[in-house]
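# Per-entry structural report
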Amino acid sequence: MPYLSKIRINPRRPAALRLLGNPYKMHGAVQAGFPDTVDERVLWRLDADDPHRPHLFVLTERSRPDWTHLAEQAGWPTADGEHFHVRDYTPLLQRLAAGQEYAFRLKANPVQNTKHPDKFTSVQEARAKAAEQSGSRIRGFRIGHRTAKTQLGWLLKRCQSPSTGFDIPTVAPEPAPAPGLDLPHDTTPAPAVALTERDTVRYRKKDNGTQLTLSTATFEGRLRVTDPEALRRTLLGGLGPSKAYGCGLLTLAPLNPEHAHG
């Protein structure tokens, strides 16, 4: 049975700050929510629309987690209210039908594969030198898209694949300005999606380890179900790389903006 969790994080606590600034450590905290090692995909996403009250979302395919440790270490353990909740994700998955439309949110790591990156990271440079010394051939390097245009293009291209189970409809442009204002007006329909946040996180797995870089893009918009079964696989399996580090979790909500994602 799949479960979607929502956990309140207190950004003023030292333990929370360590997690918020390091996706590797947050990954470890998420894995600690299970009594045994899980052999399934676990997706998570940090939503910080309100930086004073960020929320952590976690989706598991079969295992029901316990987030008591996060509430005690990085939340408000003695405050009123629900510190976290875990709910069955099955009803939403079963409701999916072709032609339905939902509001969605996705934090992703848009990347491209290239043999000739403009600038090597330290890890890529070491890999290239090792390959040169050994005489082996490198298939390519995974490079993050750096501009809003290419990041948005990455998502739109992924939606063209039948394996995702959804597409993004187009919307009509805003009404033309009043006559006589002589303002430019684009009449071309545009995809119903916006890039709401872009971020680059630099972190280390160990205090003295190699610095790693993760570029993320958060998308919000409207999607249309084209293949319910394929969309179920996308929801449970995630979209794009770096899933262990807070990317790939796609959540849905009714188009009514009063409802929260999930």
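Residues numbered from 1 in each chain as written. Predicted model: local features only at pLDDT ≥ 70, side-chain atom pairs only at ≥ 80, totals over all residues. Heavy atoms only, no water.

Let us now look at the overall build of the protein. From N to C terminus, the protein includes seven helices and 13 strands. Looking at the protein as a whole, 40% of its 262 residues are labelled buried. Long-range contacts, defined as pairs at least 24 residues apart, comprise 71% of the intrachain contacts of the protein with a sequence gap of at least 6. Accessible area for the protein stands at about 14900 Å²; split by element, carbon and sulfur atoms hold 49% of it. (Helix = DSSP H or I, 4+ residues; strand = E, 2+ residues; numbered from the N terminus. Buried < 20%, exposed > 50% of the residue type's maximum accessible area, 1.4 Å probe, protein only. Contact = heavy atoms within 4.5 Å. Areas by Shrake-Rupley, 256 points an atom, 1.4 Å probe, with all protein chains shown as cover.)

Grouped together as the largest cluster of nonpolar side chains are 30 residues, with contacts concentrated most on Phe104, Leu155, Phe219, Leu235, Leu250 and Leu252. Secondary-structure elements contributing two or more residues to this core are β3 (55-60), α4 (90-95), β5 (101-108), α6 (148-159), β12 (211-225), α7 (228-237) and β13 (250-253). Setting aside residues up to four positions removed in sequence, Leu250 forms contacts with Tyr89, Phe104, Arg105, Leu106, Phe166, Leu223, Leu231, Thr234 and Leu235. (Core = buried A, V, L, I, M, F, W, Y, C linked by side-chain atoms within 4.5 Å.)

Under the definition given, this model contains three aromatic pairs. Taking the centre distance of 6.1 Å and the plane angle of 80° together, the rings of Phe34 and Trp67 count as edge-to-face. Of the two residues, Phe34 sits in the loop between α2 (23-31) and β2 (42-47) while Trp67 sits in the loop between β3 and α3 (68-74), which places them 33 residues apart along the sequence. We note that Phe34, like Trp67, is buried. Feature note: the residues Tyr24, Tyr203 and Tyr245 constitute an aromatic cluster, connected by ring pairs. (Phe/Tyr/Trp six-rings, centres within 6.5 Å; stacked < 30°, edge-to-face > 60°.)

Of note, the phi angle at Ser242 is positive, near 60°, even though the residue is not glycine. Tracing the sequence through the fold places Ser242 in the loop between α7 and β13.

Another point: the pattern of salt bridges. Oppositely charged side chains can form a pair if their charged atoms are brought close together. A complete count under the given rule lists nine salt bridges for this structure. Where Arg105 meets Glu220, a salt bridge forms, and the shortest distance between an N and an O atom there is 3.2 Å. Of this pair, Arg105 sits in strand β5 while Glu220 sits in strand β12, placing them 115 residues apart in sequence. Linking Asp167 and Arg224 is a salt bridge whose minimum nitrogen-to-oxygen distance equals 3.1 Å. Separated by 57 residues along the polypeptide, Asp167 in strand β8 (residues 166-167) and Arg224 in strand β12 bring together distant segments of the chain. A relative accessible area of 23% means that Asp167 is categorised as partly exposed. Assessed through its relative accessible area of 29%, Arg224 is described here as partly exposed. The network of salt bridges with shared partners includes Arg45, Asp47, Asp49, Arg105 and Glu220. (Salt bridge = Lys/Arg side-chain N within 4 Å of Asp/Glu carboxyl O.)

Quick look at the sheet that holds β3 now. Read across the open sheet, the four strands follow the order β2-β3-β1-β4; overall the sheet is antiparallel. Bordering the open sheet on either side are β2 and β4 (84-88), each of which pairs with just one other strand. Averaged over all pairs of adjacent strands, the angle between strand axes in this sheet comes to 15°, irrespective of strand direction. Of the strand pairs in this sheet, strand β1 (residues 3-8) and β4 are connected by five bridges, and their pairing is antiparallel. Residue pairing for β4: Lys6 is matched across the bridge by His85. Lying over the sheet, α2 contacts β2 and β3, oriented at roughly 125° with respect to β2. (Pairing = 2+ DSSP bridges. Axes fitted to C-alpha atoms, helices over the stretch in contact; angles between N-to-C directions.)

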